[in-house]
Amino acid sequence: ICKSCGCPVEEKETVSRETKQELQLPNIKLDARFQKNLMKVGIVVAICVFGLIGYKVYDHQKANKAYNIYIENLRKAQDEMMSGGSDAEDLCDLTVSVWGNAIYETNDMETDEYTCPNGYFVEDFNTALGYLYMDEDTQLTMTCIENSQDNVKDIMKKLQNPPKGLESCYDSVSDLNGKYTKLTNLALNPSGNYSKFSENKNEAISEFQVEYDKLETQIPDKK
């Protein structure tokens, strides 16, 4: 109502109402735009989160695979050393028997073909040892031991960088390798006198068994 004449003013009222409506529209447009941008940000964040989770899972699986492969190589090294060590022990035992029986002229079905090949004892134990190490079966055993040594060297190269948690296993398999090498070299290259060789043989076998058992208690199950 106009203060001057008292008449209603409808046109101004309508304009005022329209103005109020127009003033509200920009707020509605801003809210919609904000929601749209917020949704985009949410999608990007979700992609990053799931990507990070996926990477963590992949990295964990990769670490477990490397861990399990290392354990497999530990077992391979252990088995190869036991095989070569067993052949070396048998050859060392036979060497001691031939050596002693040649010196003390003792008959034995296992050693007679080396100590008394012609029905009587050889004059020198070196001759008997020569017959032993030129024997076809002995040569085959020595070849097996040498092949075993090569295989162990290859496996040990794969074990140089142990995964986390297997450092002590690497130390133990390295110690076992040292005793294995000592025993196999003793079988391939016997030296010294009879009593010293016998002593070295017993010591090498004992040390090898101790280190083997130690490693056996340390190798964990696969993940």
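Counting restarts for each chain, with residues numbered from 1 along the sequence as it is written. Where local features are concerned, this predicted model is filtered to residues with pLDDT of at least 70; where side-chain atom pairs are given and counted, the filter is 80 or more; whole-chain, interface and lining totals use all residues. Values shown for side chains rest on all heavy atoms present in the structure; no hydrogens or waters enter the calculation.

What counts as a helix is a DSSP run of H or I of at least four residues, what counts as a strand is a run of E of at least two, and both are numbered from the N terminus. Counting its secondary structure elements, the protein contains 6 helices and 0 strands. Along its sequence from the N terminus, the protein presents helices and strands in the succession α-α-α-α-α-α. Counting every position in the protein, which comprises 223 residues, the buried fraction comes to 29%. In what follows, residue pairs with any heavy atoms lying within 4.5 Å of each other are defined as contacts. Partitioning the contacts of the protein with sequence separation of at least 6, the portion at a separation of at least 24 is 73%. Carbon and sulfur atoms form 53% of the exposed surface of the protein, whose accessible area is close to 14900 Å². Classification of residues uses two cut-offs on accessible area relative to the type maximum, computed with a 1.4 Å probe and protein chains only: under 20% is buried, over 50% is exposed, and between them is partly exposed. The Shrake-Rupley method, run with a 1.4 Å probe, gives the accessible areas here. Residue values count only the displayed protein chains as cover.

Summarising the element assignment, T111 is placed in the loop between α1 (10-104) and α2 (112-115). T111 gets classed as buried once you look at its relative accessible area, which sits at 0%. Separated by 13 residues in the primary sequence, T111 and V98 place their C-alpha atoms 5.5 Å from one another. Each residue touching T111, except ones within four places of it in the same chain, is listed here: L94, S97, V98, N101 and T106. A distance of 2.9 Å separates a polar atom in the side chain of T111 from a polar atom in the side chain of N101. Polar contact is defined as a pair of N or O atoms within 3.5 Å, subject to the rule that within protein one atom must be able to donate a hydrogen and the other to accept it, and that residues adjacent in sequence are counted only when both atoms are side-chain atoms.

Moving on, we come to the environment of G130. The residue G130 is located in helix α3 (residues 125-134) in this model. The spatial distance from the C-alpha of G130 to the C-alpha of Y114 is 8.2 Å, given a sequence separation of 16 residues.

Quick look at the packing of aromatic side chains now. Stacked, tilted and edge-to-face are the three classes assigned to paired rings of Phe, Tyr and Trp, where Trp is represented by its six-membered ring and a pair needs centres within 6.5 Å; plane angles under 30 degrees give stacked, over 60 edge-to-face, the rest tilted. Taken as a whole and judged by the stated rule, the model has 5 aromatic pairs. When the ring of Y104 is compared with that of Y194, the centres are 6.4 Å apart and the planes differ by 75 degrees; the resulting orientation is edge-to-face. With Y104 in helix α1 and Y194 in helix α6 (residues 194-218), the pair connects residues that are 90 residues apart, well separated along the chain. Joined through ring pairs, the aromatic side chains of W99, Y104, F125, Y194 and F197 make up one cluster. We count a charge as sitting over a ring when the NZ of a lysine or the CZ of an arginine lies within 6 Å of the ring centre and within 35 degrees of the ring normal. It is K223 that lies over the ring of Y67; its NZ or CZ is 4.3 Å from the centre.

Here we take up the packing of helix α4 (residues 136-158) against helix α5 (residues 167-188). Here an angle of 0 to 180 degrees is reported between the N-to-C directions of two axes, which are lines fitted to C-alpha atoms, with helices fitted over the stretch in contact. The geometry of α4 relative to α5 is characterised by a closest axis approach of 11 Å and an angle of 160 degrees between their N-to-C directions. Judged by the inter-axis angle, α4 sits roughly antiparallel to α5. In this structure, α4 crosses over α5, and the sense of that crossing is left-handed. Contacts between α4 and α5 pair M142, I145, E146, S148, Q149, V152 and M156 from the former with V173, S174, N177, Y180, T184, N185, A187 and L188 from the latter. Gly is placed with the polar residues, together with every amino acid not listed as nonpolar (Ala, Val, Leu, Ile, Met, Phe, Trp, Tyr, Cys and Pro) or charged (Asp, Glu, Lys and Arg). Its residues assigned to classes, the contact of α4 with α5 shows 8 nonpolar, 6 polar and 1 charged. By the definition adopted for this analysis, an angle is roughly parallel if under 35 degrees, roughly antiparallel if over 145, roughly perpendicular if from 65 to 115, and oblique otherwise. We call a crossing left-handed when the near helix sits turned anticlockwise from the far one by less than a right angle, and right-handed when that turn is clockwise.

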